[in-house]
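One-letter residues, chain by chain:
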2 protein chains.
Amino acid sequence: MSTANSSSSAPQLQPPGCSIEAALEIVRDRWTILILRDAFRGIRRFDDLRRDLEIPRAILADRLRSLVESGVFVKRQYQQRPERFEYRLTPMGMELSPILVSLMQWGDRWLSGEEGPPRLLVHEPCATEIDMSFYCWTCEEAFTPSQISSQPGAVTARTLQSQPALQSQPALQEGDLKNSGATKS
Amino acid sequence: MSTANSSSSAPQLQPPGCSIEAALEIVRDRWTILILRDAFRGIRRFDDLRRDLEIPRAILADRLRSLVESGVFVKRQYQQRPERFEYRLTPMGMELSPILVSLMQWGDRWLSGEEGPPRLLVHEPCATEIDMSFYCWTCEEAFTPSQISSQPGAVTARTLQSQPALQSQPALQEGDLKNSGATKS
DNA sequence: TTAGTTGGTTCGCAATCTGAACCCAGCTAC
DNA sequence: GTAGCTGGGTTCAGATTGCGAACCAACTAA
(Lines give C-alpha, C1' and ligand atoms only; values in the text may rest on other atoms or scores of the structure.)
Protein backbone atom coordinates (compact mmCIF):
# COMPACT_ATOMS: atom_id res chain seq x y z
CA MET A 1 0.00 0.00 0.00
CA SER A 2 0.93 3.63 0.58
CA THR A 3 4.69 3.35 0.47
CA ALA A 4 5.39 6.15 -1.99
CA ASN A 5 4.00 8.98 0.09
CA SER A 6 7.04 11.10 0.84
CA SER A 7 6.10 14.10 -1.24
CA SER A 8 3.53 15.33 1.32
CA SER A 9 4.74 18.14 3.53
CA ALA A 10 2.09 17.48 6.19
CA PRO A 11 3.32 16.21 9.55
CA GLN A 12 3.69 12.47 9.21
CA LEU A 13 1.45 11.17 11.96
CA GLN A 14 2.23 7.59 11.11
CA PRO A 15 5.72 6.72 9.93
CA PRO A 16 5.96 4.52 6.89
CA GLY A 17 5.78 0.89 7.96
CA CYS A 18 2.82 1.25 10.31
CA SER A 19 2.50 -1.74 12.63
CA ILE A 20 -1.23 -2.01 12.00
CA GLU A 21 -0.62 -2.33 8.29
CA ALA A 22 2.08 -4.90 8.95
CA ALA A 23 -0.22 -6.91 11.21
CA LEU A 24 -2.97 -6.76 8.58
CA GLU A 25 -0.71 -8.44 6.03
CA ILE A 26 -0.82 -11.51 8.24
CA VAL A 27 -4.32 -11.18 9.72
CA ARG A 28 -5.57 -10.75 6.19
CA ASP A 29 -9.29 -11.18 6.25
CA ARG A 30 -12.40 -12.43 7.93
CA TRP A 31 -11.58 -16.10 7.30
CA THR A 32 -8.14 -15.75 8.86
CA ILE A 33 -9.66 -14.29 12.01
CA LEU A 34 -12.29 -17.03 12.21
CA ILE A 35 -9.59 -19.68 11.77
CA LEU A 36 -7.67 -18.08 14.63
CA ARG A 37 -10.79 -18.02 16.79
CA ASP A 38 -11.23 -21.74 16.23
CA ALA A 39 -7.55 -22.37 16.92
CA PHE A 40 -7.97 -20.71 20.32
CA ARG A 41 -10.93 -22.99 20.92
CA GLY A 42 -8.62 -25.95 20.39
CA ILE A 43 -9.61 -26.91 16.84
CA ARG A 44 -6.44 -27.98 15.11
CA ARG A 45 -7.27 -30.16 12.12
CA PHE A 46 -8.06 -29.27 8.55
CA ASP A 47 -11.32 -31.12 8.41
CA ASP A 48 -12.56 -29.94 11.80
CA LEU A 49 -11.92 -26.35 10.75
CA ARG A 50 -13.62 -26.90 7.43
CA ARG A 51 -16.69 -28.38 9.04
CA ASP A 52 -16.93 -25.80 11.80
CA LEU A 53 -16.45 -22.76 9.60
CA GLU A 54 -18.04 -24.10 6.41
CA ILE A 55 -15.07 -22.58 4.65
CA PRO A 56 -14.13 -23.59 1.09
CA ARG A 57 -11.28 -26.09 1.14
CA ALA A 58 -9.06 -24.05 -1.16
CA ILE A 59 -9.37 -20.96 1.02
CA LEU A 60 -8.66 -22.92 4.19
CA ALA A 61 -5.58 -24.56 2.65
CA ASP A 62 -4.35 -21.17 1.45
CA ARG A 63 -4.88 -19.41 4.77
CA LEU A 64 -3.28 -22.21 6.78
CA ARG A 65 -0.28 -22.21 4.45
CA SER A 66 0.17 -18.48 4.81
CA LEU A 67 -0.30 -18.54 8.59
CA VAL A 68 2.36 -21.25 8.86
CA GLU A 69 4.66 -19.23 6.61
CA SER A 70 4.27 -16.15 8.76
CA GLY A 71 4.92 -18.08 11.98
CA VAL A 72 1.45 -17.91 13.54
CA PHE A 73 0.89 -21.67 13.25
CA VAL A 74 3.21 -24.68 13.22
CA LYS A 75 2.18 -27.66 11.12
CA ARG A 76 2.83 -30.85 13.09
CA GLN A 77 2.45 -34.44 12.08
CA TYR A 78 0.31 -36.14 14.72
CA GLN A 79 0.29 -39.59 13.15
CA GLN A 80 2.09 -41.59 10.48
CA ARG A 81 0.50 -44.10 8.14
CA PRO A 82 -1.51 -42.36 7.00
CA GLU A 83 0.27 -39.05 7.47
CA ARG A 84 -1.96 -36.61 9.32
CA PHE A 85 -1.22 -33.05 10.32
CA GLU A 86 -2.49 -30.50 12.75
CA TYR A 87 -1.99 -26.76 13.07
CA ARG A 88 -0.99 -25.31 16.42
CA LEU A 89 -0.58 -21.74 17.55
CA THR A 90 2.98 -20.62 18.16
CA PRO A 91 3.74 -18.08 20.92
CA MET A 92 3.44 -15.46 18.18
CA GLY A 93 -0.02 -16.82 17.40
CA MET A 94 -1.07 -17.03 21.05
CA GLU A 95 -0.35 -13.34 21.40
CA LEU A 96 -3.06 -12.54 18.88
CA SER A 97 -5.61 -13.25 21.59
CA PRO A 98 -6.04 -9.63 22.71
CA ILE A 99 -7.22 -8.81 19.19
CA LEU A 100 -9.84 -11.56 19.28
CA VAL A 101 -10.92 -10.68 22.79
CA SER A 102 -11.29 -7.01 21.83
CA LEU A 103 -13.36 -7.93 18.80
CA MET A 104 -15.55 -10.19 20.88
CA GLN A 105 -16.09 -7.62 23.60
CA TRP A 106 -16.95 -4.93 21.08
CA GLY A 107 -19.42 -7.27 19.42
CA ASP A 108 -20.91 -8.16 22.79
CA ARG A 109 -21.33 -4.55 23.77
CA TRP A 110 -22.65 -3.08 20.55
CA LEU A 111 -24.14 -5.87 18.52
CA SER A 112 -25.64 -8.44 20.85
CA GLY A 113 -29.40 -8.71 20.92
CA GLU A 114 -31.76 -8.46 23.84
CA GLU A 115 -30.30 -11.40 25.70
CA GLY A 116 -26.86 -9.90 26.14
CA PRO A 117 -23.56 -11.58 25.34
CA PRO A 118 -23.82 -15.30 24.68
CA ARG A 119 -20.73 -16.06 26.73
CA LEU A 120 -18.44 -14.23 29.13
CA LEU A 121 -14.67 -14.57 29.21
CA VAL A 122 -13.32 -14.94 32.71
CA HIS A 123 -9.95 -15.38 34.42
CA GLU A 124 -10.18 -19.07 35.20
CA PRO A 125 -8.68 -19.24 38.73
CA CYS A 126 -11.04 -16.63 40.16
CA ALA A 127 -13.83 -16.34 37.57
CA THR A 128 -13.45 -12.56 37.31
CA GLU A 129 -14.73 -11.21 34.01
CA ILE A 130 -12.05 -10.05 31.59
CA ASP A 131 -12.13 -6.41 30.62
CA MET A 132 -9.91 -5.17 27.79
CA SER A 133 -10.45 -1.46 28.35
CA PHE A 134 -7.48 0.86 28.98
CA TYR A 135 -5.94 1.17 32.42
CA CYS A 136 -2.90 3.16 33.51
CA TRP A 137 -0.59 1.62 36.06
CA THR A 138 1.04 4.86 37.02
CA CYS A 139 -2.15 6.89 37.49
CA GLU A 140 -4.07 3.85 38.74
CA GLU A 141 -7.14 4.67 36.72
CA ALA A 142 -9.06 3.61 33.66
CA PHE A 143 -8.92 6.02 30.75
CA THR A 144 -10.55 6.62 27.38
CA PRO A 145 -8.96 6.43 23.93
CA SER A 146 -8.82 10.22 23.76
CA GLN A 147 -6.16 10.18 26.46
CA ILE A 148 -3.83 8.08 24.37
CA SER A 149 -0.95 9.89 22.77
CA SER A 150 1.78 8.64 20.54
CA GLN A 151 5.51 9.11 21.01
CA PRO A 152 8.49 8.19 18.87
CA GLY A 153 9.75 4.73 19.70
CA ALA A 154 13.23 3.66 18.70
CA VAL A 155 13.95 6.70 16.57
CA THR A 156 17.50 7.98 16.41
CA ALA A 157 18.29 11.45 17.73
CA ARG A 158 19.17 12.51 14.19
CA THR A 159 15.76 11.51 12.87
CA LEU A 160 14.09 13.42 15.65
CA GLN A 161 16.05 16.61 15.01
CA SER A 162 15.23 16.58 11.34
CA GLN A 163 11.56 15.72 11.92
CA PRO A 164 10.22 17.71 14.84
CA ALA A 165 6.71 16.71 13.83
CA LEU A 166 7.53 13.21 15.04
CA GLN A 167 7.50 14.36 18.64
CA SER A 168 4.68 13.65 21.07
CA GLN A 169 1.21 14.23 19.70
CA PRO A 170 -2.30 12.95 20.28
CA ALA A 171 -2.73 9.58 18.64
CA LEU A 172 -6.45 9.04 18.93
CA GLN A 173 -8.78 11.96 18.49
CA GLU A 174 -12.30 12.06 19.73
CA GLY A 175 -15.04 12.84 17.27
CA ASP A 176 -17.63 15.41 18.19
CA LEU A 177 -19.76 13.02 20.16
CA LYS A 178 -22.53 15.42 21.08
CA ASN A 179 -24.39 15.18 17.81
CA SER A 180 -23.57 11.63 16.94
CA GLY A 181 -26.23 9.01 16.52
CA ALA A 182 -25.28 5.77 18.17
CA THR A 183 -25.29 5.41 21.92
CA LYS A 184 -25.95 2.38 24.05
CA SER A 185 -26.59 1.50 27.67
CA MET B 1 -21.91 -18.32 7.35
CA SER B 2 -22.43 -21.29 9.67
CA THR B 3 -25.93 -20.61 10.86
CA ALA B 4 -27.45 -24.01 10.12
CA ASN B 5 -25.25 -26.03 12.43
CA SER B 6 -27.63 -27.37 15.00
CA SER B 7 -27.46 -31.02 14.02
CA SER B 8 -24.04 -31.52 15.64
CA SER B 9 -24.11 -33.33 18.97
CA ALA B 10 -20.61 -32.13 19.97
CA PRO B 11 -20.41 -29.66 22.85
CA GLN B 12 -21.15 -26.27 21.38
CA LEU B 13 -18.12 -24.24 22.39
CA GLN B 14 -19.41 -21.17 20.63
CA PRO B 15 -23.14 -20.53 20.53
CA PRO B 16 -24.62 -19.54 17.21
CA GLY B 17 -24.30 -15.78 16.82
CA CYS B 18 -20.68 -15.47 17.90
CA SER B 19 -19.76 -11.90 18.78
CA ILE B 20 -16.53 -12.11 16.80
CA GLU B 21 -18.46 -13.04 13.69
CA ALA B 22 -20.90 -10.23 14.36
CA ALA B 23 -18.08 -7.72 14.79
CA LEU B 24 -16.45 -8.93 11.57
CA GLU B 25 -19.58 -8.09 9.61
CA ILE B 26 -18.87 -4.45 10.41
CA VAL B 27 -15.08 -4.51 10.55
CA ARG B 28 -15.16 -6.20 7.18
CA ASP B 29 -11.70 -6.02 5.76
CA ARG B 30 -8.29 -4.47 5.68
CA TRP B 31 -9.53 -1.21 4.15
CA THR B 32 -12.14 -0.76 6.86
CA ILE B 33 -9.50 -1.15 9.55
CA LEU B 34 -7.16 1.30 7.84
CA ILE B 35 -10.01 3.82 7.51
CA LEU B 36 -10.66 3.43 11.23
CA ARG B 37 -6.97 3.89 12.00
CA ASP B 38 -7.01 7.15 10.07
CA ALA B 39 -10.23 8.23 11.78
CA PHE B 40 -8.50 7.82 15.14
CA ARG B 41 -5.69 9.96 13.82
CA GLY B 42 -8.22 12.72 13.17
CA ILE B 43 -8.65 12.31 9.41
CA ARG B 44 -12.29 12.94 8.68
CA ARG B 45 -12.74 13.88 5.03
CA PHE B 46 -13.22 11.78 1.95
CA ASP B 47 -10.36 13.25 0.02
CA ASP B 48 -7.92 13.21 2.93
CA LEU B 49 -8.66 9.54 3.48
CA ARG B 50 -8.29 8.81 -0.20
CA ARG B 51 -4.94 10.54 -0.40
CA ASP B 52 -3.57 9.05 2.79
CA LEU B 53 -4.61 5.48 2.11
CA GLU B 54 -4.36 5.57 -1.69
CA ILE B 55 -7.68 3.73 -1.63
CA PRO B 56 -9.89 3.53 -4.75
CA ARG B 57 -12.69 6.07 -4.53
CA ALA B 58 -15.44 3.52 -5.05
CA ILE B 59 -14.14 1.33 -2.22
CA LEU B 60 -13.81 4.30 0.13
CA ALA B 61 -17.34 5.50 -0.66
CA ASP B 62 -18.68 2.01 -0.10
CA ARG B 63 -16.87 1.45 3.20
CA LEU B 64 -17.85 4.86 4.56
CA ARG B 65 -21.47 4.26 3.62
CA SER B 66 -21.49 0.92 5.38
CA LEU B 67 -19.70 2.25 8.47
CA VAL B 68 -22.27 5.05 8.72
CA GLU B 69 -25.09 2.53 8.28
CA SER B 70 -23.74 0.38 11.08
CA GLY B 71 -23.30 3.33 13.42
CA VAL B 72 -19.51 3.48 13.61
CA PHE B 73 -19.34 6.86 11.86
CA VAL B 74 -21.71 9.83 11.63
CA LYS B 75 -21.73 11.81 8.40
CA ARG B 76 -21.83 15.51 9.22
CA GLN B 77 -22.12 18.49 6.95
CA TYR B 78 -19.33 20.90 7.87
CA GLN B 79 -20.14 23.54 5.25
CA GLN B 80 -22.91 24.52 2.87
CA ARG B 81 -22.47 25.87 -0.65
CA PRO B 82 -20.91 23.68 -1.74
CA GLU B 83 -22.12 20.94 0.55
CA ARG B 84 -19.19 19.26 2.23
CA PHE B 85 -19.24 16.32 4.62
CA GLU B 86 -17.00 14.73 7.17
CA TYR B 87 -17.08 11.38 8.92
CA ARG B 88 -16.71 11.24 12.68
CA LEU B 89 -16.44 8.33 15.04
CA THR B 90 -19.45 7.71 17.23
CA PRO B 91 -19.01 6.33 20.77
CA MET B 92 -19.53 2.93 19.19
CA GLY B 93 -16.69 3.70 16.81
CA MET B 94 -14.41 5.07 19.52
CA GLU B 95 -14.69 1.80 21.35
CA LEU B 96 -13.05 0.00 18.47
CA SER B 97 -9.74 1.42 19.67
CA PRO B 98 -8.71 -1.62 21.74
CA ILE B 99 -8.81 -3.67 18.54
CA LEU B 100 -6.53 -1.23 16.73
CA VAL B 101 -4.20 -0.92 19.71
CA SER B 102 -3.97 -4.72 20.00
CA LEU B 103 -3.19 -5.02 16.30
CA MET B 104 -0.56 -2.33 16.55
CA GLN B 105 1.10 -3.84 19.60
CA TRP B 106 1.17 -7.28 18.03
CA GLY B 107 2.72 -5.83 14.88
CA ASP B 108 5.27 -3.95 16.98
CA ARG B 109 6.25 -7.00 18.93
CA TRP B 110 6.42 -9.57 16.17
CA LEU B 111 6.88 -7.76 12.91
CA SER B 112 8.95 -4.65 13.49
CA GLY B 113 12.46 -4.63 12.13
CA GLU B 114 15.75 -4.04 13.93
CA GLU B 115 14.83 -0.55 15.05
CA GLY B 116 11.89 -1.58 17.18
CA PRO B 117 8.42 -0.09 17.08
CA PRO B 118 8.14 3.16 15.13
CA ARG B 119 5.96 4.77 17.77
CA LEU B 120 4.81 4.03 21.30
CA LEU B 121 1.31 4.62 22.61
CA VAL B 122 1.28 6.27 26.02
CA HIS B 123 -1.26 7.47 28.57
CA GLU B 124 -1.00 11.18 27.91
CA PRO B 125 -1.15 12.64 31.45
CA CYS B 126 1.75 10.53 32.73
CA ALA B 127 3.43 9.20 29.56
CA THR B 128 3.22 5.58 30.76
CA GLU B 129 3.33 3.12 27.90
CA ILE B 130 0.03 1.37 27.16
CA ASP B 131 0.02 -2.38 27.56
CA MET B 132 -2.98 -4.35 26.32
CA SER B 133 -2.02 -7.68 27.88
CA PHE B 134 -4.40 -9.44 30.29
CA TYR B 135 -4.57 -8.46 33.94
CA CYS B 136 -6.88 -9.75 36.66
CA TRP B 137 -8.20 -7.30 39.19
CA THR B 138 -9.16 -9.92 41.73
CA CYS B 139 -5.92 -11.87 41.66
CA GLU B 140 -3.85 -8.75 41.03
CA GLU B 141 -1.69 -10.42 38.45
CA ALA B 142 -1.07 -10.56 34.73
CA PHE B 143 -2.10 -13.79 33.07
CA THR B 144 -1.77 -15.61 29.77
CA PRO B 145 -4.54 -16.49 27.29
CA SER B 146 -4.47 -20.10 28.49
CA GLN B 147 -5.96 -18.95 31.79
CA ILE B 148 -9.02 -17.53 30.09
CA SER B 149 -12.16 -19.59 30.34
CA SER B 150 -15.60 -19.02 28.96
CA GLN B 151 -18.87 -19.04 30.88
CA PRO B 152 -22.47 -18.72 29.81
CA GLY B 153 -23.61 -15.13 29.75
CA ALA B 154 -27.30 -14.32 29.64
CA VAL B 155 -28.46 -17.87 29.16
CA THR B 156 -31.73 -18.91 30.72
CA ALA B 157 -31.80 -21.65 33.36
CA ARG B 158 -33.79 -23.83 30.98
CA THR B 159 -31.17 -23.57 28.25
CA LEU B 160 -28.48 -24.46 30.76
CA GLN B 161 -30.29 -27.53 32.02
CA SER B 162 -30.88 -28.87 28.57
CA GLN B 163 -27.33 -28.10 27.44
CA PRO B 164 -24.92 -28.98 30.23
CA ALA B 165 -22.04 -28.64 27.75
CA LEU B 166 -22.63 -24.89 27.85
CA GLN B 167 -21.22 -24.67 31.35
CA SER B 168 -17.77 -23.34 32.20
CA GLN B 169 -14.98 -24.59 29.99
CA PRO B 170 -11.61 -23.42 28.77
CA ALA B 171 -12.01 -20.84 26.02
CA LEU B 172 -8.49 -20.47 24.77
CA GLN B 173 -6.27 -23.49 24.55
CA GLU B 174 -2.53 -23.36 24.42
CA GLY B 175 -0.77 -25.13 21.61
CA ASP B 176 2.17 -27.37 22.41
CA LEU B 177 4.65 -24.56 22.56
CA LYS B 178 7.72 -26.65 23.25
CA ASN B 179 8.27 -27.79 19.70
CA SER B 180 6.98 -24.75 17.91
CA GLY B 181 9.12 -22.61 15.68
CA ALA B 182 8.60 -18.94 16.30
CA THR B 183 9.91 -17.26 19.42
CA LYS B 184 11.05 -13.72 19.94
CA SER B 185 13.00 -11.66 22.47
C1' DT C 1 -12.88 31.57 -19.06
C1' DT C 2 -10.14 28.18 -17.19
C1' DA C 3 -8.38 25.57 -13.54
C1' DG C 4 -8.80 23.57 -9.04
C1' DT C 5 -11.32 21.41 -4.96
C1' DT C 6 -14.36 18.08 -2.76
C1' DG C 7 -17.18 14.21 -2.85
C1' DG C 8 -18.73 11.28 -5.23
C1' DT C 9 -20.59 7.57 -9.52
C1' DT C 10 -19.84 4.62 -13.62
C1' DC C 11 -17.41 1.42 -16.36
C1' DG C 12 -14.59 -2.41 -18.01
C1' DC C 13 -10.97 -5.42 -16.84
C1' DA C 14 -8.40 -8.21 -13.29
C1' DA C 15 -8.03 -10.69 -9.18
C1' DT C 16 -10.20 -13.31 -5.72
C1' DC C 17 -13.79 -16.26 -3.79
C1' DT C 18 -16.80 -20.07 -4.16
C1' DG C 19 -18.90 -24.76 -4.63
C1' DA C 20 -18.35 -28.95 -6.78
C1' DA C 21 -15.63 -32.42 -8.47
C1' DC C 22 -11.60 -34.93 -8.27
C1' DC C 23 -7.22 -37.13 -6.24
C1' DC C 24 -4.58 -40.13 -3.22
C1' DA C 25 -2.97 -42.88 0.72
C1' DG C 26 -4.34 -45.75 4.04
C1' DC C 27 -7.78 -47.95 6.70
C1' DT C 28 -12.17 -50.86 7.63
C1' DA C 29 -16.28 -53.70 6.81
C1' DC C 30 -18.10 -57.16 4.18
C1' DG D 1 -10.34 -58.01 -2.69
C1' DT D 2 -13.11 -54.49 -3.34
C1' DA D 3 -16.31 -50.88 -2.01
C1' DG D 4 -16.55 -47.20 0.80
C1' DC D 5 -14.83 -43.96 4.32
C1' DT D 6 -11.45 -40.45 6.26
C1' DG D 7 -8.12 -36.70 6.20
C1' DG D 8 -5.86 -33.46 3.62
C1' DG D 9 -5.58 -31.58 0.03
C1' DT D 10 -5.77 -29.65 -5.69
C1' DT D 11 -8.26 -28.15 -9.91
C1' DC D 12 -11.69 -25.85 -12.38
C1' DA D 13 -15.58 -22.83 -14.09
C1' DG D 14 -18.50 -19.24 -12.76
C1' DA D 15 -19.82 -15.42 -9.58
C1' DT D 16 -18.37 -11.71 -6.83
C1' DT D 17 -15.44 -8.11 -5.63
C1' DG D 18 -11.52 -5.11 -6.35
C1' DC D 19 -9.34 -1.81 -9.07
C1' DG D 20 -7.81 2.40 -11.99
C1' DA D 21 -9.42 5.69 -15.03
C1' DA D 22 -12.78 8.63 -16.61
C1' DC D 23 -16.53 11.35 -15.71
C1' DC D 24 -19.94 14.44 -13.09
C1' DA D 25 -21.68 18.26 -10.13
C1' DA D 26 -21.36 22.22 -7.48
C1' DC D 27 -18.77 25.62 -6.19
C1' DT D 28 -14.34 29.04 -5.75
C1' DA D 29 -10.31 31.59 -7.18
C1' DA D 30 -7.44 33.84 -10.73
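Residues numbered from 1 in each chain as written. Chains lettered and ligands numbered in written order. Predicted model: local features only at pLDDT ≥ 70, side-chain atom pairs only at ≥ 80, totals over all residues. Heavy atoms only, no water.

**Things to note about the packing of helix α2 (residues 30-40) of chain A against helix α1 (residues 19-26) of chain B**
- With their axes 11 Å apart at the nearest point, α2(A) and α1(B) run at an angle of 165° to one another. Between α2(A) and α1(B), the angle falls in the class roughly antiparallel. The interaxial crossing formed by α2(A) with α1(B) has right-handed handedness. Residues A:Arg30, A:Ile33, A:Leu34 and A:Arg37 of α2(A) form the contact with α1(B), whose participating residues are B:Ile20, B:Glu21 and B:Leu24. (Axes fitted to C-alpha atoms, helices over the stretch in contact; angles between N-to-C directions. Helix = DSSP H or I, 4+ residues; strand = E, 2+ residues; numbered from the N terminus. Parallel < 35°, antiparallel > 145°, perpendicular 65-115°, else oblique. Left-handed = near helix turned anticlockwise from the far one by under 90°. Contact = heavy atoms within 4.5 Å.)

**Let's talk about the protein's contact with DNA strand C**
- By nearness alone, 19 residues border DNA strand C, and A:Trp31, A:Arg81, B:Arg57, B:Phe85 and B:Tyr87 come closest of all.
- For DNA strand C, a phosphate oxygen lies 3.5 Å from a polar atom in the backbone of B:Asp47.
- Going through the elements one at a time, α4 (57-69) of chain A together with α3 (46-53), α4 (57-69), β1 (73-79) and β2 (84-89) of chain B are the ones with two or more residues in the surface near DNA strand C.
- Among the elements that line the surface near DNA strand C, the one with the most residues is α4(B), at four residues.
- Here the residues of the surface near DNA strand C are counted per class, giving 10 nonpolar, no polar and nine charged. (Near = heavy atom within 4 Å. Polar contact = N/O pair within 3.5 Å; in protein donor to acceptor, adjacent residues only side chain to side chain. Nonpolar A, V, L, I, M, F, W, Y, C, P; charged D, E, K, R; others polar.)

**Digging into the environment of B:Leu64**
Residues and elements named next belong to chain B.
- Inspection of the secondary structure assignment puts leucine 64 in helix α4.
- A relative accessible area of 1% means that leucine 64 is categorised as buried.
- Residues leucine 64 and threonine 32, spaced 32 residues apart in sequence, show a C-alpha to C-alpha distance of 8.3 Å.
- What leucine 64 contacts, discounting residues up to four positions off in sequence, is Ile35, Phe46, Leu49, Phe73 and Tyr87. (Buried < 20%, exposed > 50% of the residue type's maximum accessible area, 1.4 Å probe, protein only.)

**Remarks on the packing of aromatic side chains**
Residues and elements named next belong to chain A.
- Scanning the model with the defined rule gives six aromatic pairs over all chains in all.
- Ring plane angle 65° and centroid distance 6.4 Å describe the contact between phenylalanine 73 and tyrosine 87, whose orientation is recorded as edge-to-face. Here phenylalanine 73 is found in strand β1 (residues 73-79), whereas its partner tyrosine 87 is found in strand β2 (residues 84-89), with 14 residues between them in sequence. Grouping residues by exposure puts phenylalanine 73 and tyrosine 87 together as buried. (Phe/Tyr/Trp six-rings, centres within 6.5 Å; stacked < 30°, edge-to-face > 60°.)

**Overview of the confidence of the model for chain A**
All names here are of chain A.
- Mean pLDDT over chain A: 76, with 70% of residues reaching 70 or higher.
- Segment residues 155-170: pLDDT under 50, and 25 contacts once partners within four positions in sequence are set aside and those in other chains are kept.
- Here residues 174-185 is modelled with pLDDT under 50, and outside its nearest four sequence neighbours on either side it reaches 29 contacts, counting other chains as well. (pLDDT = per-residue confidence, 0-100.)

**Section: the pairing of strand β3 (residues 119-123) of chain B**
- Taken across its five residues, β3(B) has four buried, putting it largely inside the fold.
- Relative to β3(B), strand β7 (residues 148-152) of chain A is paired through five bridges, and the arrangement is antiparallel. Along β3(B), the bridge assignment pairs A:Pro152 with B:Arg119.
- As paired strands, β3(B) and strand β4 (residues 128-129) of chain B are joined by two bridges and run antiparallel to one another. (Pairing = 2+ DSSP bridges.)

**Re the pattern of salt bridges**
Residues and elements named next belong to chain B.
- This model, assessed by the stated rule, comprises 29 salt bridges over all chains.
- The partner of arginine 41 in a salt bridge is aspartate 38, with the nearest N and O atoms 2.7 Å apart.
- Close ionic contact of arginine 41 with aspartate 52 constitutes a salt bridge, the shortest N to O distance being 3.5 Å. Pair noted here: arginine 41 is in the loop between α2 (30-40) and α3 and aspartate 52 is in helix α3, with a separation of 11 residues, a long-range link. Each member of the pair, arginine 41 as well as aspartate 52, is classed as buried. (Salt bridge = Lys/Arg side-chain N within 4 Å of Asp/Glu carboxyl O.)

**Things to note about the protein's contact with DNA strand D**
- The environment of DNA strand D is made up of 20 residues, and the closest members are A:Arg57, A:Arg84, A:Phe85, A:Tyr87 and B:Arg63.
- The sugar and phosphate moieties of DNA strand D supply 73% of its atoms located within 4 Å of the protein.
- One of the side-chain nitrogen or oxygen atoms of A:Arg57 is found 2.5 Å away from a base nitrogen of DNA strand D.
- A distance of 3.1 Å is found between a phosphate oxygen of DNA strand D and a side-chain nitrogen or oxygen belonging to A:Lys75.
- Among the secondary structure elements, those contributing two or more residues to the surface near DNA strand D are α3 (46-53), α4, β1 and β2 of chain A together with α4 of chain B.

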